[in-house]
Amino acid sequence: MIKEEGNACPVIANHIKVALVGQPNVGKSMLINSVSNAHLHVGNFSGVTVDKTEVLFDYKGYHFTVVDLPGTYAFTDYSIEERVTHKYLSGGGYDLIINVVDSTNLEKNLQLTSELMSMNKDIVIALNMSDEAKKEGIEIDEVYMSELLGIPCIKTSAVTKEGIEDLLDAIVKVGSQAKQESKLIFSEAVEEEISKIVAYLQKHKHEAPNSYRNIAINLLKNNKKTYARLHDDPIWTELQPILIDATKHIELHHDSDDIKEAFAEEYAAFNKGIITEVVKASTVQEKETITQKIDNILIHPFFGIPIFLFFMWGLFQLTFEIGSIPMEWIEAFFGWLGDTIGATIANEDIRSLIVDGVIAGVGAVVLFVPNIIILFIGIALLESTGYMSRVAFLLDGFFHKFGLHGQSFIPLVTGFGCSIPAYMSARILKNDRDRLLTLFIIGFMSCGARLPVYVLFAGAFFSAEMAGNVLFAIYIGGAFIGLIAAKILKLTAFKGADEPFVMEMPKYRLPSVKLIWHTVLTKTMMYLKKAGTFIAAASMLIWFLSNYPHNLELEKEFSSKIELASTQEKKNELTNELGVKHLEQSYLGTIGKFSEPLFAPLGFDWRMSVALQTGLAAKEVVVSTLGVLYALGDEVDEESSTLVNAISKNISFASAVAFIVVIMIYLPCLAASIVFTREAGGIKYFFYLFAFTSVLAYSLAFVAYNVALLFS
Amino acid sequence: MKTLKDCQKNQKVRVLKLHAPKDLKQRFISLGIMKEAIIEMIESAPGKSTIVVKVGKMTLALRGQEAELIEVKAL
C-alpha cells in the first residue's frame, strides 16, 4: 500500500550520482562550478593526499551528486591522481560518467574517452571550452559525433555558461534509459579476435552482467577484474589458448610486444576517424599563439631561470613580510584569550592546562595560517596559470643531478620559511617517489624558527661582523647537506630506475579567482582541522611532561624563601631557580638527565639535551628552554645579552658547533612532523625520517665536535 | 638510429618506435607520443638535459634521457 507521506523521503530513483572525469587542464572544476553555481555545497572526502570533491545540487526534481575526480590522461596509475580516479571508476559506485573534453584538442582527449567507453558504463561527453574552439576556428558537429560514438555529446563552456542545462538534461535522459552498447570499432585484426571470443562465449551460454563484446575487449586488454571473474569458470581452460592466440595476432599486427600499446594505437586510429568526420578546422595560417610568445621569454635558456627566481623572491617576500602582520595579531589575540580565560579559572592546574597547554598549543597552530594562505595563493597562481610545469622544465637539469625533480624546488625553498607549508606544497610533485624523497630533505632547509638559535650561538661565539657570515654559512650548509642527503637516499633507499619526467605544458590561462579561493580555502581548512587537533593534543603532552610531577616540598620551600626575600631582584632570582629545579625534576628533565650520557660524546650537558628535546615541540622553544635552564627566566630572546654571556661562559666552542649541527639536521618540530607523516602517507615514514635525521645529525655533530676540538 | 634527442630546434619528425620500458611507454602514449605521431622540437635546456616538444596541439617537456628512447625519422 502506498502512503502519501512517502514523499518526505526523497525517492531513490531520483538520485543521480555522476563521476566527473577528464584529462588535466580541460576546465573540469570550472565546469562543475558553473553547473552547480549558487547551490554549491562542497563536501570533502579525501584520500591520502588527493581529494575527490563531492558537489550536491538539485535539478528538475533530481538530486545530483557529482564526484569531481582528479584529472587523468589515461588509466595508467602513474600519479596519485590517476590512481584515485582509476580506483573510483573501477569501483562502480556511481550511475554514469561525464567525460569532460577540451574541444580545442579533441584528438588527445578522446584517447581517455575510448578507455572510458570500454568500461561498460553510461557516458555523457561535455565538449568543453567550445567558446575557445570557436575562436580558434574549430567546428565540431556534435550531433553526428553523438551518433558515431553512441554517446550524447554536448557543447559546453564554463566561461559563457553555454550548454550547461543541455548537459544536465542529457544526464537525466541517459540516466533513465537502458545502457547503450558502445560503438567503439577496432581494426580488422582486433575485430576478428573479438568475434572469435564472443562466439565462444555464446556457444557456452556464459552468464555475465555485461555484454560478450565488452568481456572480449576487456580480456584482450588484460583487464584484471575480467580475468579474475572468468578464471574460476570451467570454460577458462578452453578460453585461455584462444586468448593467447588472439594476443599474438594483435601484437603481430601492431608490430609491438605490448598489448596496451597496441590498443592505444587502435584507439588513436578510431579517434582519428571520428575527428575527420566531425571536426572542421578552418585552416587559418598557423600563427604564433599567445602561449608560444610568453614561452619564448619564460622558458628562454638564459633568462628563464632569473625570471623564475625573481617570482619566487616576490612570493617569499609576500609570505613572510605580509604574513607576519596578521601573525602578530594572532599572537596578541591568543595571549589575550589566555589571560582572559585564565583569570576565570581558580584551580591552578586546570588553568595551566587550559592556558599554557590548550590555548598556547592551538595558538601555535593558528599562527601559521597567514603564511599558509599567502603561500598557497601563490602556488595556486603558479599552477593555474600553467607556469609551474615551465618551472619544472627550467630546474630539472640541476635537481635531477641530485636525484630530485625540477618541481622539488618549490617545496625546498618554502622550507626555508616554514616546513609545514613546504611539506604541503610537495603535493605538486605528481610522482610518489619524487614526492617522498623531497619530503625527506625539506627539513634540511633551515626554517625561520631555527633562526633565533643560530643568532644566539653565532652571537655568543663570533664577533658581530662575523656572525652574519656564519648565519649565511649555516643556511647554505644546511641546503648543501640536504642535496647530498638526497643523492645518498637516491642511491640507497630510493634506489632504482629514474622516475621519468614527461609532462604537459598547458596553455597559459588567466587564473579564476573563485577557483583559487576554493583551493586555498580547502587546503587551509584541512590544515586547521587535521593538524590542529593533533598538534593541540601533542602540545598538551609536552606541557604535561615539562610541568609534572609537581614537587610540593620544593614549591613550599621556594615559596617561603621568595616571601622572605628582601629585594625584588632576589625574588626573581629565586623564582628562576625554582623554574630550573622544577624542570629538572619534571618528566622532561628526567628524560634529559637520562639521555645525557647519549649526548656526552657531542659535548652536551643535560641542559642542552633538554633544549634539543623541547625543540622537538617547536624550534622557537630551544632558546626559551636554554633561558629557563640557565636560570634567567623564560623571558629571554636571542638578543638577550645575559643569555649570550651565559652561553659563551657555560658552553665550549666545540659543543656549540655540534649543537648547531644537530639543530640544522634533526627532526623538524612536532607540528611539521605530523604534517610530514600525513603527506608521506603513513606513520612508518615518520620513523624513517626520525631514524634518518637522528643518525645523520648525531654522526655529523660528532665529527663537527671533534674537528672543532682540534682547532680550539 | 635517430632519436628525438638528436633533433634540432623547430625540426619536425615522425615517431617510428618507442624503445621505453613498459610504464614509461604507457606514459608516452597517454600524452600522445606513439607510433606515427608528428613531433616538433620547440626548445631545449643547455646540454639537452630537458627538452620541450610539441605533439599535435600539446606542448610537452621531457628529459633528454627519455627523448633518447624515442626513435624518429626526419620529415
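The structure reproduced in this document is the subject of the present report. What you are looking at is a predicted structure, and each value in this text was computed from that prediction instead of being measured. (Residues numbered from 1 in each chain as written. Chains lettered and ligands numbered in written order. Predicted model: local features only at pLDDT ≥ 70, side-chain atom pairs only at ≥ 80, totals over all residues. Heavy atoms only, no water.)

Quick look at empty space enclosed by the protein
Residue and element names in this part refer to chain A.
Moving on, step 1. This model, assessed by the stated rule, comprises two cavities of 30 Å³ or more.
Moving on, step 2. Here the largest cavity defines a volume of roughly 60 Å³.
Moving on, step 3. Along the walls of the largest cavity sit Met-117, Ser-118, Asn-120, Lys-179, Glu-181, Ser-182, Leu-184, Asn-214 and Ile-217, which together make up its complete lining.
Moving on, step 4. In the lining of the largest cavity, the residues fall into three nonpolar, four polar and two charged.
Moving on, step 5. Each pocket or cavity is described by its volume, and for the second largest cavity that value is around 40 Å³. (1 Å grid on protein atoms, 1.4 Å probe; cavity = no way out; pocket = protein on both sides within 12 Å on 5 of 7 lines; lining within 4 Å. Points joined across faces, edges and corners; volume = space filled by probe spheres on them. Nonpolar A, V, L, I, M, F, W, Y, C, P; charged D, E, K, R; others polar.)

Considering the interface of chain A and chain B
Moving on, step 1. The interface is formed by 37 residues belonging to chain A together with 30 residues belonging to chain B.
Moving on, step 2. Buried surface at the junction of chain A and chain B, both sides included, amounts to about 3100 Å², of which 58% is carbon and sulfur.
Moving on, step 3. By the criterion of area lost to chain B, the three top residues of chain A are Glu-261, Phe-393 and Val-502 of chain A, representing 20% of everything that side buries.
Moving on, step 4. Applying the counting rule to chain A against chain B returns five salt bridges.
Moving on, step 5. Note that Asp-396 of chain A is salt-bridged to Arg-63 of chain B, the shortest N-O span being 2.6 Å.
Moving on, step 6. Linking chain A with chain B are 13 residue pairs in polar contact (both at pLDDT 80 or more).
Moving on, step 7. Those elements that provide at least two residues to the side of chain A that touches chain B are helix 3 (106–117), helix 11 (259–278), helix 17 (388–400) and strand 10 (502–504) of chain A.
Moving on, step 8. Among the elements that make up the side of chain A that touches chain B, the one with the highest residue count is helix 11 of chain A (five residues). (Contact = heavy atoms within 4.5 Å. Buried area = accessible area lost by both parts, 1.4 Å probe. Salt bridge = Lys/Arg side-chain N within 4 Å of Asp/Glu carboxyl O. Polar contact = N/O pair within 3.5 Å; in protein donor to acceptor, adjacent residues only side chain to side chain. Helix = DSSP H or I, 4+ residues; strand = E, 2+ residues; numbered from the N terminus.)

Details of the nonpolar core
All names here are of chain A.
Moving on, step 1. Within the largest apolar cluster, 113 residues are counted, with the highest numbers of intra-cluster contacts made by Ile-420, Phe-457 and Phe-659.
Moving on, step 2. Beyond its immediate sequence surroundings of up to four residues, Phe-457 is in contact with Leu-626, Ile-647, Ile-651, Ala-656, Phe-659 and Ile-660.
Moving on, step 3. In this structure, Leu-110, Met-145, Ile-217 and Val-278 belong to the second largest nonpolar core, which totals 53 residues. (Core = buried A, V, L, I, M, F, W, Y, C linked by side-chain atoms within 4.5 Å. Buried < 20%, exposed > 50% of the residue type's maximum accessible area, 1.4 Å probe, protein only.)

Quick notes on the pairing of strand 3 (residues 50–55) of chain B
Residues and elements named next belong to chain B.
Moving on, step 1. Of all six residues making up strand 3, six are buried, and the element is well covered by its neighbours.
Moving on, step 2. Burial along strand 3 is two-sided: the face carrying Thr-50, Val-52 and Lys-54 and the face carrying Ile-51, Val-53 and Val-55 are both buried.
Moving on, step 3. When strand 2 (residues 38–44) meets strand 3, the two strands line up antiparallel, connected through five bridges. Residue Met-41 lies in a different strand from strand 3, and its bridge partner there is Val-53.
Moving on, step 4. What sits between the antiparallel neighbours strand 2 and strand 3 is a turn of five residues, in which Gly-47 has the positive phi angle 75°.
Moving on, step 5. Bridge count between strand 3 and strand 4 (residues 58–63): six bridges; the pairing is antiparallel. Bridge pairing links Ile-51 to Leu-62 in strand 4. (Pairing = 2+ DSSP bridges.)

A short note on the packing of aromatic side chains
Residues and elements named next belong to chain A.
Moving on, step 1. Counting across every chain of the model gives 33 aromatic pairs over all chains.
Moving on, step 2. Relative to Phe-653, the ring of Phe-462 has its centre 6.0 Å away and its plane inclined at 75°; by these criteria the two rings are edge-to-face. In this pair, Phe-462 sits in the loop between helix 21 (451–461) and helix 22 (464–491) while Phe-653 sits in helix 30 (residues 653–665), placing the two residues 191 residues apart along the sequence.
Moving on, step 3. Plain terms: the ring middles of Phe-686 and Phe-690 are 6.4 Å apart, the flat faces sit at 20° to each other, and that makes the pair stacked. (Phe/Tyr/Trp six-rings, centres within 6.5 Å; stacked < 30°, edge-to-face > 60°.)

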